[in-house]
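Listed below, chain by chain, are the residues.
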Amino acid sequence: MSQATLQSPSARSADFGALPQLAETSSKENSIEMFRRMCLSRFFDEQAYQASKEGLLKSLIYLSAGQESIAAAISTVMSGSYIFTQHRGHAPYLCFGGDLEKFIDELLGLPTGCCKGMGGSPCIQDPKIRMIGHEGLIGEHVPIAVGAAYADRSSRVVCFFGDGAVEEDYFFGALGFAATHKLPILFVCEDNDLSVLTPTRDRRTWQIHDIARAFGISAIDIADDPWLVQHHAQEMSKKLPGFLNVRTCRYYWHVGAGQDGPPEWDRFALVQEKLRAMGLGARAAAVEKETKEHVESVWKRRLQTQSAK
Amino acid sequence: MEKTVADTIREITREHLTKNNGLLLGQCITAVGWIQNTVPPNAPGLVELPMSDVSGPGFAIGAAIVGKRPMLVLRFQSFLWLAVSPIVNYAAKARDLWGKGVPIFIRAIASEGKGTGPVHSNCFHSIFMHMPGMRVCAPMTPHEYQEIWTAFLKQDDPMLVSEHRRSYLSSAEMPDIVHDDADVTLYAISAARFTAVEAVELLKKENIRCNLVHIVWLKPFELNERVMQPLKKSRCGVVIDSAFEIAGASQSLAYDLMFAAGVPVRALGQFDRCSGVAPHLENGTPTPQRIAEVVREMVRNKTSQH
């Protein structure tokens with residue numbers, strides 16, 4: 001694919017790195033499945049948002065909404081891997097198939113939660129899907145993920161983090177070690193351009209994918225179109241380590257239930273639109289309805305369980 | 001030739017690497033005679049880390065999560081300040097947060113004297129006692145080392161092993177010294193155990209009789225019969241440590257002992273100043289003379305109260 005034939009939009013745009021006909025040549029099942037995972041994460045976060053607004057959640061929540069297309073795509077490629085995420089881990093947890101009830105219970109601080117109520121939103125884990133919990137310090141899980149990849153070469157590792165985490169000094173040590181030992185790890189930067197609210201341009205002049213390439217790791221910088229993310233993840237997974245920098249938009253606050261303003265783009269709405277244009281509108285609407293009802297019913301049941309106590 | 005502490009560490013490591021599928025991670029492993037002869041040359045599972053003092057411990061933690069029980073060697077304890085974040089923020093919290101511990105065995109080597117000065121003459125085990133989820137010990141004999149290794153294998157919490165270069169060539173076991181009519185009970189930690197033995201001899205010549213109780217486990221620190229009984233009889237005590245005194249292991253243990261026994265217990269450790277490279281500017285383990293001075297004062301005070 002020649003990049004020269006394409007328009008070259010700015011890095012902060014929904015079309016950044018776009019390749020023509022990716023969605024159209026993808027199977028319908030694949031497109032619908034990625035959308036289903038996006039729905040799972042989006043509707044979960046909407047419920048968490050609501051519960052937080054109503055004061056039913058007492059702990060801090062870090063919502064994935066707006067960024068869920070990345071985990072939805074990556075989870076179709078890296079299933080069975082060790083999964084390391086950081087504080088904004090709702091989407092990876094749900095898209096890889098983490099337990100819904102244990103997640104809600106964790107947010108509610110119940111002993112039946114996935115961390116027995118100890119960790120809450122930023123620390124979620126699910127051993128069944130090999131998702132390892134995070135303790136809250138950004139990027140600290142990246143060396144840990146790299147160590148896991150070193151010690152267990154029979155498995156693959158996928159490690160999610162944000163554009164702030166890549167500025168941590170130990171992040172470079174981790175990239176270097178992965179490059180030196182050619183470790184089976186896929187690094188995924190969910191680049192929402194914000195450290196809490198400080199934009200990247202105020203923090204640094206350099207690009208993390210350039211740093212990854214300097215270490216000899218194949219790296220790419222793209223927007224969060226799920227077909228595009230999936231395409232590059234598939235290519236990279238054939239020869240790890242690899243590094244995906246994915247431009248995306250956080251829909252809600254850094255922490256808690258609120259919104260800073262309209263996002264630069266809403267990938268969820270763009271994917272809905274794309275599916276309609278591809279003639280999959282009716283199926284997508286059905287998946288959306290079904291997933292929403294499922295998520296809402298589980299939330300309702302768990303909230304009732306809690307209030308009964 | 002009797003087996004030294006260094007021999008013991010090397011043999012435990014060799015067995016862990018060859019039979020237990022273990023890992024040993026560290027910087028410059030091949031340097032200074034394979035870390036004072038404590039690492040088996042060319043064994044499988046040796047991981048030469050780049051100069052990644054902060055991410056390095058993270059690699060070890062990741063290896064532990066996938067089942068390796070790695071050993072991590074820090075050639076100087078001053079490096080602990082860089083290594084500490086993933087250890088206390090992640091590994092030490094793991095059992096409480098996720099119901100599964102992170103078993104890493106952190107060999108942190110203390111040293112002093114011989115011009116090591118501000119950077120390399122340090123002993124920092126105390127900071128790890130502060131953190132829930134950490135086990136902290138300072139074995140100084142071959143048998144003790146074997147015991148703490150066995151304890152490591154039995155439980156999954158991270159363990160900070162505060163080693164001291166002064167112990168490496170020693171093959172002696174160090175039994176407690178307890179008298180029925182002692183004037184004072186000394187509790188000694190790390191290399192202070194060697195200077196405390198000398199202090200006991202020094203004071204004996206002045207007719208001051210000392211109990212000496214050796215402390216291997218700083219956390220958990222057990223106020224058991226062996227520890228408490230001598231203090232109850234001698235009615236005063238001193239805890240001596242190779243680390244800094246202020247907010248350190250010596251003060252922490254002295255507080256526990258004093259509260260439990262209801263008798264005065266002093267803490268004695270490094271002075272509250274940086275160590276210099278010139279011999280007269282060193283600041284290390286309390287010397288036998290310094291220990292003796294504190295003991296004389298305690299015994300004098302005790303006598304004057306009666």
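These figures come from a predicted structure and were not determined experimentally.

(A) Here's a closer look at the overall build of chain A. Looking only at helices and strands, one finds 11 helices and eight strands in chain A. By the compact-globule yardstick of 19 Å for 309 residues, chain A fits well, its C-alpha radius of gyration being 19 Å. Counting only C-alpha atoms and orienting by the principal axes, one finds that chain A spans roughly 60 × 45 × 40 Å. Looking at the 309 residues of chain A, the share that counts as buried comes to 61%. The long-range fraction of contacts in chain A, counting pairs at least 24 apart against all pairs at least 6 apart in sequence, stands at 74%. Of the roughly 12400 Å² that chain A leaves accessible, carbon and sulfur atoms contribute 51%. Each charge sign in chain A was given a centre, from 33 positive and 37 negative side chains, and these centres are 4 Å apart.

(B) The arrangement of the overall build of chain B in detail. Helix and strand content of chain B: 11 helices and 11 strands. Over its C-alpha trace chain B gives a radius of gyration of 19 Å, about what one expects of a compact globule, namely 19 Å for 306 residues. C-alpha atoms of chain B, sized along the principal axes, occupy 60 × 45 × 40 Å. Put simply, of all contacts in chain B between residues at least 6 apart along the chain, 76% involve residues at least 24 apart. Here chain B contributes 31 positively and 30 negatively charged side chains, and the mean placements of these two sets differ by 2 Å.

(C) Fine view of the side chain of Asn211 of chain B. Relative to the helices and strands, Asn211 of chain B is located in strand β8 (residues 210-215). Not counting chain neighbours up to four residues away, the residues in contact with Asn211 of chain B comprise Ile177, Val178, His179, Ala182, Val184, Thr185, Leu186, Pro230 and Ser234 of chain B.

(D) How the structure looks around the packing of helix α6 (residues 141-151) of chain A against helix α3 (residues 55-65) of chain B. The geometry of α6 of chain A relative to α3 of chain B is characterised by a closest axis approach of 6 Å and an angle of 50° between their N-to-C directions. As the angle between them shows, α6 of chain A and α3 of chain B are arranged oblique. Once α6 of chain A is placed against α3 of chain B, the crossing between them reads as right-handed. On α3 of chain B, the residues that touch Pro143, Ile144, Val146, Gly147, Ala148 and Ala151 of chain A of α6 of chain A are Ser55, Gly58, Phe59, Ile61, Gly62, Ala63 and Ile65 of chain B. Here the contact of α6 of chain A with α3 of chain B is built from residues that sort into nine nonpolar, four polar and no charged.

(E) Highlighting the confidence of the model for chain A. Averaged over every residue, the pLDDT of chain A is 95; the share at 70 or more is 97%. Across residues 1-7 of chain A, where pLDDT falls below 50, the model places six contacts with residues more than four positions away in sequence or in other chains.

(F) Summary view of the sheet that holds strand β2 (residues 46-48) of chain B. Residue and element names in this part refer to chain B. Strand order in this open sheet of seven strands is β2-β1-β3-β4-β6-β5-β9, and the pairing throughout is mixed. What marks the edges here is a single partner per strand, and that holds for β2 and β9 (217-219). In this sheet, adjacent strand axes meet at a mean angle of 20° when their direction is disregarded. Across four bridges, strand β3 (residues 71-74) lies against strand β4 (residues 105-110) in parallel orientation. In the sheet register, Leu72 faces β4, and the bridge partner there is Ile106.

(G) Seen up close, helix α10 (residues 267-277) of chain A. Residue and element names in this part refer to chain A. Residues of α10 that are buried: Arg267, Phe268, Val271, Gln272 and Leu275. Viewed end-on, α10 has its buried residues packed into an arc of 145°, placing them on one side of the element. Pointing more than 90 degrees away from the buried face of α10 are the exposed residues Arg276 and Ala277. Where the residues of α10 are buried, they touch α2 (28-53), α3 (68-77), β7 (218-223), α9 (226-237) and α11 (281-308). Its side-chain oxygen placed 3.1 Å from the backbone nitrogen of Phe268, Asp266 serves as the N-cap of α10.

(H) Quick peek at the interface of chain A and chain B. Counting residues at the interface gives 25 residues for chain A and 21 residues for chain B. In total, about 1900 Å² of surface goes out of reach between chain A and chain B, with carbon and sulfur atoms giving 75% of it. Its largest share of buried area at the contact with chain B, chain A owes to Glu135, Ile144 and Phe177 of chain A, together 27% of the area lost on that side. There are zero salt bridges connecting chain A and chain B. Contributions of two or more residues to the side of chain A that touches chain B are made by β1 (82-84), α6 and α7 (169-180) of chain A. The greatest single-element share of the side of chain A that touches chain B, amounting to seven residues, is contributed by α6 of chain A. Looking at the side of chain A that touches chain B residue by residue, the classes come out as 16 nonpolar, six polar and three charged.

(I) Layout of the packing of aromatic side chains. Enumeration according to the criterion identifies 26 aromatic pairs over all chains in this entry. For the pair Phe161 of chain A and Phe171 of chain A, a centre-to-centre distance of 4.9 Å together with 70° between the ring planes defines the contact as edge-to-face. Highlighted residues: Phe161 of chain A in strand β3 (residues 157-162) and Phe171 of chain A in helix α7, separated in sequence by 10 residues. On the accessibility criterion, Phe171 of chain A (0% relative accessible area) is buried. Between Phe76 of chain B and Phe79 of chain B the ring centres are 5.8 Å apart and the planes differ by 80°, which places this aromatic pair in the edge-to-face class. Since its relative accessible area comes to 9%, Phe76 of chain B is described here as buried.

(J) Focus on the nonpolar core. Grouped together as the largest cluster of nonpolar side chains are 152 residues, with contacts concentrated most on Ile74 and Phe243 of chain A. Two domains each provide a minimum of three residues to this core, namely domain 1 (5-167) and domain 2 (184-304) of chain B. Leaving out residues up to four positions away in the same chain, Ile74 of chain A has contacts with Phe96, Val158, Phe160, Leu186, Val188, Val229, Ala233 and Leu244 of chain A. Membership of the second largest hydrophobic core comes to 23 residues, among which are Leu17, Ile35, Cys137 and Tyr145 of chain B.

(K) Geometry of empty space enclosed by the protein. Residues and elements named next belong to chain B. Tallying each qualifying case throughout the model produces two cavities of 30 Å³ or more. As a volume, the largest cavity reaches approximately 90 Å³. What lines the largest cavity is Gly26, Gln27, Leu49, Ser52, Asp53, Gly56, Pro57, Leu72, Val73, Leu74, Arg75 and Phe79. Elements supplying a minimum of two residues to the lining of the largest cavity: α3 and β3. Examining the composition of the lining of the largest cavity, we find that three residues originate from one element, β3, more than from any other. Of the residues assigned to the lining of the largest cavity, the class counts are six nonpolar, four polar and two charged. Looking at the lining of the second largest cavity residue by residue, the class counts come to four nonpolar, three polar and no charged.

(L) Local environment of the sheet that holds strand β11 (residues 265-270) of chain B. All names here are of chain B. Across the sheet, which stays open at both edges, the four strands sit in the order β8-β7-β10-β11 with parallel pairing between neighbours. Of all strands in the sheet, those with a lone pairing partner are β8 and β11, marking the two edges. Ignoring strand direction, the axes of neighbouring strands in this sheet form an average angle of 20°. Sheet analysis places strand β10 (residues 237-244) next to β11, joined by five bridges and oriented parallel. In the sheet register, Phe244 faces β11, and the bridge partner there is Gln270. Contacts from helix α8 (residues 192-204) reach β7 (184-189), β8 and β10 within the one sheet, and its direction differs from that of β8 by about 175°.

The rules we used
- Residues numbered from 1 in each chain as written.
- Chains lettered and ligands numbered in written order.
- Predicted model: local features only at pLDDT ≥ 70, side-chain atom pairs only at ≥ 80, totals over all residues.
- Heavy atoms only, no water.
- Helix = DSSP H or I, 4+ residues; strand = E, 2+ residues; numbered from the N terminus.
- Rg over C-alpha atoms; globule rule 2.2 N^0.38 Å.
- Buried < 20%, exposed > 50% of the residue type's maximum accessible area, 1.4 Å probe, protein only.
- Contact = heavy atoms within 4.5 Å.
- Areas by Shrake-Rupley, 256 points an atom, 1.4 Å probe, with all protein chains shown as cover.
- Lys, Arg positive; Asp, Glu negative; His and termini not counted.
- Charge placed at Lys NZ, Arg CZ, Asp CG, Glu CD.
- Axes fitted to C-alpha atoms, helices over the stretch in contact; angles between N-to-C directions.
- Parallel < 35°, antiparallel > 145°, perpendicular 65-115°, else oblique.
- Left-handed = near helix turned anticlockwise from the far one by under 90°.
- Nonpolar A, V, L, I, M, F, W, Y, C, P; charged D, E, K, R; others polar.
- pLDDT = per-residue confidence, 0-100.
- Pairing = 2+ DSSP bridges.
- Arc of directions from axis to C-beta.
- Polar contact = N/O pair within 3.5 Å; in protein donor to acceptor, adjacent residues only side chain to side chain.
- Buried area = accessible area lost by both parts, 1.4 Å probe.
- Salt bridge = Lys/Arg side-chain N within 4 Å of Asp/Glu carboxyl O.
- Phe/Tyr/Trp six-rings, centres within 6.5 Å; stacked < 30°, edge-to-face > 60°.
- Core = buried A, V, L, I, M, F, W, Y, C linked by side-chain atoms within 4.5 Å.
- Domains from an automatic or database assignment.
- 1 Å grid on protein atoms, 1.4 Å probe; cavity = no way out; pocket = protein on both sides within 12 Å on 5 of 7 lines; lining within 4 Å.
- Points joined across faces, edges and corners; volume = space filled by probe spheres on them.

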